[in-house]
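# Overview (structure and organization)
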Amino acid sequence: MSEEVTKNIIVRDDEDYIINMGPQHPSTHGVLRLEVCLNGETVKYVIPHIGYIHRAIEKMSESDTYKQIIHLTDRMDYLSAHMNNEAVCLAVENALEIEVPKRVQYIRVVLDELTRLASHHLWWSAFGMDLGALTAFFYGMRDREKILAIFEESFGSRLLHSFNTPGGLMHDVHPDFQKHTMEFVRYFRKKLPEYKQLLTDNVIFHNRTQGIGKMSRETAIAFGVTGPSGRGSGFACDVRKVAPYGLYKEIDFNEILYDEGDSFARYLVRMDEMEESLNILEQVTDNIPEGDYTAKMKSIVKLPEGEYFQRVETARGELGIYIVSDGKKFPYRIKFRSPNFSNLFVLNTLAKGGLIADLVAISGSLDLVIPDIDR
Amino acid sequence: MNSVIKYFTDIYKGVRSLWAGMRVTGKYFVRPGEIVTEQYPENRATLKMEDRFKGEVIMPHDKNNQHQCTGCGVCELNCPNGSIEIITKKVPNEDGKMVRVIDKHIYHLSMCTFCELCIKTCPFNALAWGQDFEHAVFDRSKLDKVLNKPGSSLKKKEAKS
Ligand code: SF4
Ligand code: SF4
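Chains are numbered independently. Their residues run from 1 in the order of the written sequence. Chain labels run from A onward and ligand labels from 1 onward, assigned in the order the entries are written. Only residues with pLDDT of 70 or above have their local features reported here, since the model is predicted, and side-chain atom pairs are shown and tallied only from 80 upward, although totals for entire chains, interfaces and linings are computed over all residues. Just so you know, side-chain values use all the structure's heavy atoms and leave hydrogens and water out.

## Considering the overall build of chain A
Here a helix means four or more residues in a row that DSSP labels H or I, a strand means two or more in a row labelled E, and each is numbered from the N terminus. Counting its regular elements, chain A contains 16 helices and eight strands. Over its C-alpha trace chain A gives a radius of gyration of 21 Å, about what one expects of a compact globule, namely 21 Å for 375 residues. Summarising its shape, the C-alpha atoms of chain A cover approximately 65 × 50 × 30 Å along the three principal directions. Taking all 375 residues of chain A together, 61% fall into the buried category. In what follows, residue pairs with any heavy atoms lying within 4.5 Å of each other are defined as contacts. Excluding contacts between residues fewer than 6 apart, the proportion of contacts in chain A whose partners are at least 24 apart in sequence is 71%. Roughly 14300 Å² of accessible area belongs to chain A as shown, and the carbon and sulfur atoms make up 53% of that amount. Both charge centroids of chain A, one from 43 positive and one from 54 negative side chains, sit 3 Å from each other. The globule rule used here is 2.2 Å times the number of residues to the 0.38 power, and the radius of gyration it is set against is calculated over C-alpha atoms. Residue exposure (1.4 Å probe, protein chains only): buried if accessible area is under 20% of the type maximum, exposed if over 50%, otherwise partly exposed. To measure how exposed things are, a 1.4 Å probe is used in the Shrake-Rupley method; for residues, cover is taken only from the protein chains shown. For the purpose of counting charges, residues Lys and Arg are taken to be positive, whereas Asp and Glu are taken to be negative. His and the chain ends are not included. Note on charges: their place is set at NZ of Lys, CZ of Arg, CG of Asp or CD of Glu.

See the structure below:
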């Protein structure tokens with residue numbers, strides 16, 4: 001066991017003063033229970049209790065065809081629904097060695113980045129709210145609404161799209177899709193400085209986040225903390241860079257890295273990622289080629305016997321999907337390596353010794369989505 | 001001395017950052033630009049959902065009360081949640097032969113996850129999305145719907161275009 005992990009070992013004591021945060025606590029953003037042991041206002045340890053929203057998605061997938069699994073993955077990390085869909089689709093497409101049309105690859109990247117933006121909007125809003133900046137919430141929601149309107153126009157739903165299908169997309173995007181996306185990019189370029197004025201430059205916000213919840217690069221690697229949270233500690237873990245999938249090989253973008261490892265660094269990573277997403281959107285949206293929106297697929301998809309693994313970068317980190325197939329139309333076993341599960345369990349290491357108010361700042365900066373933890 | 005200077009520079013910085021934030025909110029207070037809040041339910045009369053909006057699964061009927069569902073059961077097979085139940089019956093056609101037609105196409109809205117597989121896979125294009133979204137009811141059984149209207153029949157030309 002690495003030193004980083006052994007430091008995390010918790011010794012319970014009968015004398016401990018325990019307080020339960022959740023499962024219905026607004027700052028946990030879902031049904032997560034944190035068992036917090038306090039010494040005055042200082043946190044002695046945090047034990048996360050998970051499973052309140054467990055739906056057995058992995059088990060259910062064993063009796064669903066590959067096309068039917070898609071709609072279940074929506075419901076893991078609902079803010080990265082599109083990336084979750086894509087993970088399954090890529091796994092199946094790679095296993096069957098299907099070449100998806102260029103149009104599909106372009107649209108998938110646009111949707112990935114729009115989803116990432118919408119997810120970061122929500123995180124920004126909620127993070128501000130957790131720290132008492134309620135105004136931020138309305139501004140984030142205002143801009144997120146624009147993206148959701150684009151989604152609604154093309155897929156008919158705002159959050160859980162189920163728009164990917166092995167081989168391509170369910171149907172073609174709306175004719176106005178490109179136009180509206182570019183409108184949004186121009187609009188949001190103007191609005192991003194407001195985010196800086198409202199929260200990034202705020203002194204109270206600095207005091208609440210700077211130096212709070214310091215995570216070293218070693219800790220991030222030991223716990224498998226990926227996504228913006230890991231990159232805030234200087235851990236280069238962007239799957240779009242380290243194992244590019246789809247069109248990401250051909251796109252020019254930067255991986256955002258900060259070395260401080262505190263809550264503020266994690267915040268800055270996401271803020272810069274929003275900007276990077278806008279850059280990607282500008283490169284890709286106008287160049288979507290004409291063509292089919294799906295490759296030719298059999299109506300029943302069967303994977304050849306074997307094991308398959310595919311990972312993608314969701315808004316919160318690395319989502320891995322591991323499929324074992326016995327050649328039938330249902331997978332024999334599916335395992336999701338969800339980013340939030342790993343990101344959650346670093347909480348004790350970060351919050352230990354700090355104040356209970358900082359626990360909220362830390363869990364907010366990790367950007368946890370609870371249904372993804374429980375699956 | 002140093003702590004006194006720090007005290008005052010902190011106050012200065014605090015007020016300045018507060019001012020920067022207040023400027024943004026103040027700007028929208030006097031010049032809202034656009035109102036983004038939907039005035040629902042007051043705007044019910046004018047509210048129009050997107051054409052592709054997934055409100056519920058419906059079976060379009062034409063003016064002769066005819067639909068395109070043959071009762072083949074493909075949608076029932078493809079639904080991951082068992083939200084669709086197909087009940088067929090045998091009736092004699094013009095030649096007096098017994099043929100299988102749809103009796104009830106039961107759709108459990110409460111169990112539907114809007115995955116669109118039924119609509120995509122229906123070989124006869126018999127299903128579509130409805131734009132109605134006000135589904136709140138007091139009794140769950142009200143969400144079990146029969147999609148083919150009473151007295152409806154199969155449209156003659158049936159193959160997918
Ligand atoms: S709706 Fe379509 S798929 Fe379902 S039973 Fe009717 S014809 Fe078959
Ligand atoms: S949309 Fe999906 S869940 Fe709903 S009835 Fe159709 S197949 Fe079933």
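## Section: the sheet that holds strand S7 (residues 317-325) of chain A
Residue and element names in this part refer to chain A. Ordered in space as S6-S7-S8, the three strands form an open sheet in which the pairing is antiparallel. The two strands at the open ends of the sheet, each matched to only one other strand, are strand S6 (306-314) and strand S8 (333-337). On average, each strand axis in the sheet is inclined to that of its neighbour by 15°, with strand direction left out of account. Contacts from helix H4 (residues 81-96) reach S6 and S7 within the one sheet, and its direction differs from that of S6 by about 145°. The pairing criterion is simple: DSSP has to find at least two bridges between the two strands. Interaxial angles span 0 to 180 degrees and are taken between N-to-C directions of axes, which are lines fitted to C-alpha atoms, for helices over the stretch in contact.

## Topic: the interface of chain A and chain B
A common way to state how big an interface is: give the accessible area lost once the parts meet. Contact residues are listed per partner, giving 30 residues for chain A and 27 residues for chain B. Take a side-chain nitrogen of Lys or Arg and a carboxyl oxygen of Asp or Glu: if they are within 4 Å of each other, that pair is a salt bridge. Taken together, the connections running from chain A to chain B amount to one salt bridge. Here Glu-194 of chain A makes a salt bridge to Lys-27 of chain B, at a shortest N to O gap of 3.8 Å. Contacts described as polar in this section are N or O atom pairs within 3.5 Å, which, within protein, must combine one atom able to donate a hydrogen with one able to accept it, while residues neighboring in sequence count only if both atoms come from side chains. Taken together, the connections running from chain A to chain B amount to 14 residue pairs in polar contact (both at pLDDT 80 or more). Among the secondary structure elements, those contributing two or more residues to the side of chain A that touches chain B are helix H3 (66-73), helix H6 (134-155) and helix H7 (177-200) of chain A.

## Remarks on the site of ligand 1
Put simply, a residue is near a molecule or strand once any heavy atom of it comes within 4 Å of that molecule or strand. Taken together, 14 residues surround ligand 1, and among them Cys-69, Cys-72, Gly-73, Cys-75 and Cys-122 of chain B come closest. Polarity classes work like this: nonpolar for Ala, Val, Leu, Ile, Met, Phe, Trp, Tyr, Cys and Pro, charged for Asp, Glu, Lys and Arg, and polar for all others, with Gly in that last group. Taken together, the residues of the shell around ligand 1 sort by class into 10 nonpolar, four polar and no charged.

## Let's talk about the packing of aromatic side chains
For Phe, Tyr and Trp, rings pair up if their centres lie within 6.5 Å, where Trp contributes its six-membered ring, and each pair is then called stacked (planes under 30 degrees apart), edge-to-face (over 60) or tilted (otherwise). Enumeration according to the criterion identifies 22 aromatic pairs over all chains in this entry. Centroid distance Trp-124 of chain A to Tyr-195 of chain A: 4.0 Å. Interplanar angle 15°. Geometry classified as stacked. Linking Trp-124 of chain A in helix H5 (residues 102-130) with Tyr-195 of chain A in helix H7, this pair joins segments that are 71 residues apart in sequence. Classification of Trp-124 of chain A by relative accessible area gives buried; the value is 0%. A residue is classified by how much of its surface remains accessible, and Tyr-195 of chain A, at 0% relative accessible area, is buried. A centroid spacing of 5.6 Å and a plane angle of 70° characterise the contact between Tyr-139 of chain A and Tyr-28 of chain B, whose relative ring orientation is edge-to-face.

## With respect to the sheet that holds strand S6 (residues 144-146) of chain B
All names here are of chain B. With antiparallel pairing, three strands are arranged side by side in an open sheet as S3-S4-S6. The sheet is open, and its two edges are formed by strand S3 (84-92) and S6, each paired on a single side. This sheet shows a mean twist of 25° between the axes of neighbouring strands, independent of strand direction.

## Here's the deal with the domain arrangement of chain B
Here chain B is partitioned into domain 1 (1-36) and domain 2 (56-154). One C-alpha centre belongs to domain 1 of chain B, the other to domain 2 of chain B; they are set 59 Å apart. Residue ranges assigned to the domains are those given by an automatic or database domain assignment.

## Points about the confidence of the model for chain B
On average, residues of chain B carry a pLDDT of 82, and 97% of them reach 70 or more. For this predicted complex, the interface confidence score (ipTM) comes to 0.80, while the overall pTM stands at 0.86. Summary of the metric used: pLDDT quantifies the predictor's per-residue confidence within the range 0 to 100.

## So, the site of ligand 2
Taken together, 13 residues lie near ligand 2, and Cys-79, Asn-81, Cys-112, Cys-115 and Cys-118 of chain B sit nearest. Its residues assigned to classes, the shell around ligand 2 comprises nine nonpolar, three polar and one charged.

## Quick notes on the packing of H7 of chain A against helix H12 (residues 263-284) of chain A
Residue and element names in this part refer to chain A. At a minimum axis distance of 10 Å, the contact between H7 and H12 shows a crossing angle of 160°. It follows that H7 is roughly antiparallel to H12 by the angle criterion. The crossing of H7 and H12 is left-handed. Contacts between H7 and H12 involve Thr-181, Met-182, Val-185, Phe-188, Arg-189, Leu-192, Tyr-195, Leu-199 and Thr-200 from the former and Phe-264, Tyr-267, Leu-268, Met-271, Met-274, Glu-275, Leu-278, Asn-279, Leu-281 and Glu-282 from the latter. Split by residue class, the contact of H7 with H12 holds 13 nonpolar, three polar and three charged. We call two directions roughly parallel when the angle between them is under 35 degrees, roughly antiparallel when it is over 145, roughly perpendicular when it lies between 65 and 115, and oblique otherwise. Definitions for this section: a left-handed crossing has its near helix turned counterclockwise from the far helix by less than a right angle. A right-handed crossing has that turn clockwise.

## Observations regarding the nonpolar core
All names here are of chain A. Leu-114, Trp-124, Phe-188 and Tyr-267 are the most contacted members of the largest nonpolar core, which totals 79 residues. Those residues in contact with Trp-124 that lie beyond four places of it in its chain are Ala-136, Tyr-139, Gly-140, Tyr-195, Leu-198, Leu-199, Tyr-267, Met-271 and Met-274. Of all hydrophobic cores here, the second largest spans 26 residues; its members include Leu-32, Val-46, Ile-212 and Leu-359. As used in this record, nonpolar core signifies buried Ala, Val, Leu, Ile, Met, Phe, Trp, Tyr and Cys residues forming a set joined through side-chain atoms within 4.5 Å.

## Describing the pairing of S3 of chain B
Residue and element names in this part refer to chain B. Inspection of the sheet shows S3 paired to strand S4 (residues 98-108) by nine bridges, in the antiparallel sense. From the neighbouring strand, Ile-84 faces S4, where its bridge partner is Tyr-107. In textbook terms, the turn of a hairpin is the stretch between consecutive antiparallel strands, and for S3 and S4 this stretch comprises five residues, one of which, Gly-96, has a positive phi near 85°.

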